[in-house]
Amino acid sequence: MAKDFNKVILLGRLARDPDIRYTPSKQKAARFSLATGRRWKNKATGEIVDQTDFVPVTAWGTLADILERYVRKGSQIMVEGRISVRSYDDIKTGQRRWITEVVAENIVLLGSPRREGDAQPAYQQGYSAQPTYQQRAPQPVSDAVPETDFENLSLRNEEGYEESFPLDFTSLGGGEDPSARDAEIPF
C-alpha cells in the first residue's frame, strides 16, 4: 500500500483581512487569500517578470481565533497545511462548482505592516506574552576567538582520566591476523 502525502507550506502576505464566519454548529472559520510571489527572468526578452498568486486559505477553531485577533491585510505569515478540493451545487446556476483551497493546520505570524507611530507590529500590541521589539545600537562583530583558560577545560583533572589510553587494539581480539579485523568491541 502506497503512502500518500498532502502537505503545503506557503509564505506570503494577506491580500485582505480574514473573513470570520461560524458554521451552524458554532465552529469558527477564517478565510483569507494569501499573496505569494515569485520572480524569474524571461529568456526571450531578458526582462525580470514578477508573478503573484492569490491562494485561498481556510483556518478553523483556534487558528481562526489567532487570525482574527492578530492578523490584518498585508501581514506576513507562514501557513502549513493541506490542499483540499471540494464541490458544491450552485443554487443560482444549477451547476456543480469545485473549490481548491489550503486548509491551515499551523500558522506562524512573521510580521505585520507597521502603522505610522507604532513601535511594534500590530499583532503584538496588547498581548503581553509576546516580546516587543526594541531598537538597539549595532554591536561590533569580531572574528577573534574569545580568550579562554583552556587549562581549566582539560579533562586531565577529571576523576577517572587515564594518561595512558591503550592505542593497541590487539587486546580486543583483533590480533595481527588481517582476517580478524572485525573484532567485537566489549561494550
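Quick caveat: nothing in here was measured; it's all calculated off a predicted structure.

Describing the overall build of the protein
Moving on, step 1. Looking only at helices and strands, one finds two helices and six strands in the protein.
Moving on, step 2. In the protein, the order of α-helices and β-strands from amino to carboxyl end is β-β-β-β-α-β-β-α.
Moving on, step 3. Within the protein, contacts between residues separated by at least 24 positions form 50% of all contacts whose residues are at least 6 apart in sequence.
Moving on, step 4. As displayed, the protein has an accessible area near 15,400 Å², and 50% of this comes from carbon and sulfur atoms.

As for the nonpolar core
Moving on, step 1. Of all hydrophobic cores here, the largest spans 19 residues; its most connected members are Phe32, Leu34, Leu67, Ile77, Val79 and Ile107.
Moving on, step 2. Apart from residues lying up to four places away in sequence, Leu34 is in contact with Leu10, Gly12, Arg13, Leu14, Asp53, Phe54, Val55, Val57, Ile77 and Val79.

Here we look at a nonpolar patch on the surface
Moving on, step 1. Judged by side-chain polarity, Ile83, Val85 and Trp98 come together as a nonpolar surface patch covering roughly 340 Å² of accessible area.
Moving on, step 2. Within the secondary structure, Ile83 is located in strand β5 (residues 76–89).

What about the pairing of β5?
Moving on, step 1. Both strand β1 (residues 8–14) and β5 contribute to a ladder of six bridges, which runs antiparallel. Its bridge partner lying in β5, Val8 is registered against Gly81.
Moving on, step 2. Relative to strand β6 (residues 96–111), β5 runs antiparallel, the two sharing 14 bridges. Paired with Met78 across the bridge in β6 is Val108.
Moving on, step 3. Hairpin geometry of β5 and β6 is characterised by an intervening segment of six residues between the two adjacent antiparallel strands and by a positive phi of about 80 degrees at Gly94.

Quick word on the side chain of Lys28
Moving on, step 1. With respect to the helices, strands and loops of the structure, Lys28 is situated in strand β3 (residues 28–41).
Moving on, step 2. Using a relative accessible area of 12% as the deciding quantity, one classes Lys28 as buried.
Moving on, step 3. In this structure the side chain of Lys28 is engaged in a polar contact, spanning 2.7 Å, whose partner is the side chain of Asp65.
Moving on, step 4. Those residues in contact with Lys28, other than ones at most four positions away along the chain, are Ile20, Arg21, Tyr22, Ala59, Trp60, Gly61, Ala64, Asp65 and Glu68.

Observations regarding the pairing of β6
Moving on, step 1. Both strand β4 (residues 48–60) and β6 contribute to a ladder of two bridges, which runs parallel. Counterpart to Thr58 in the pairing with β6 is Val103.

Some remarks on the environment of Asn6
Moving on, step 1. Structurally, Asn6 can be placed in the segment before β1.
Moving on, step 2. Asn6 sits 75 residues away from Gly81 along the chain, and the two C-alpha atoms are 8.2 Å apart.
Moving on, step 3. Beyond its immediate stretch of four places on either side in the chain, Asn6 contacts Gly81, Arg82 and Ile83.
Moving on, step 4. At 2.8 Å, the side chain of Asn6 and the backbone oxygen of Ile83 are in polar contact.

Some remarks on the pattern of salt bridges
Moving on, step 1. In the structure shown here, the tally under the stated rule is nine salt bridges.
Moving on, step 2. One salt bridge in this structure joins Asp50 and Arg39, with 2.7 Å as the shortest N-O distance. Of this pair, Asp50 sits in strand β4 while Arg39 is found in strand β3, placing the two residues eleven residues apart along the sequence. Of the two residues examined, Asp50 and Arg39, each falls in the exposed class.

A look at helix α1 (residues 62–70)
Along an α-helix, a turn takes 3.6 residues, which lines up residues three or four apart on a common side.
Moving on, step 1. Listed as buried for α1 are Leu63, Ala64, Leu67 and Tyr70. Around the axis of α1, the buried residues are gathered within 160 degrees of arc, so they sit on the same side. Turned more than 90 degrees off the buried face of α1, the exposed positions are Thr62 and Arg69.
Moving on, step 2. In the core, the buried residues of α1 are packed alongside β2 (19–22), β3, β4, β5 and β6.

Thresholds, definitions, all that
- Residues numbered from 1 in each chain as written.
- Predicted model: local features only at pLDDT ≥ 70, side-chain atom pairs only at ≥ 80, totals over all residues.
- Heavy atoms only, no water.
- Helix = DSSP H or I, 4+ residues; strand = E, 2+ residues; numbered from the N terminus.
- Contact = heavy atoms within 4.5 Å.
- Areas by Shrake-Rupley, 256 points an atom, 1.4 Å probe, with all protein chains shown as cover.
- Core = buried A, V, L, I, M, F, W, Y, C linked by side-chain atoms within 4.5 Å.
- Buried < 20%, exposed > 50% of the residue type's maximum accessible area, 1.4 Å probe, protein only.
- Patch = residues over 30% accessible without salt bridge, like charges linked within 9 Å, V, L, I, M, F, W, Y side chains within 5 Å.
- Salt bridge = Lys/Arg side-chain N within 4 Å of Asp/Glu carboxyl O.
- Pairing = 2+ DSSP bridges.
- Polar contact = N/O pair within 3.5 Å; in protein donor to acceptor, adjacent residues only side chain to side chain.
- Arc of directions from axis to C-beta.

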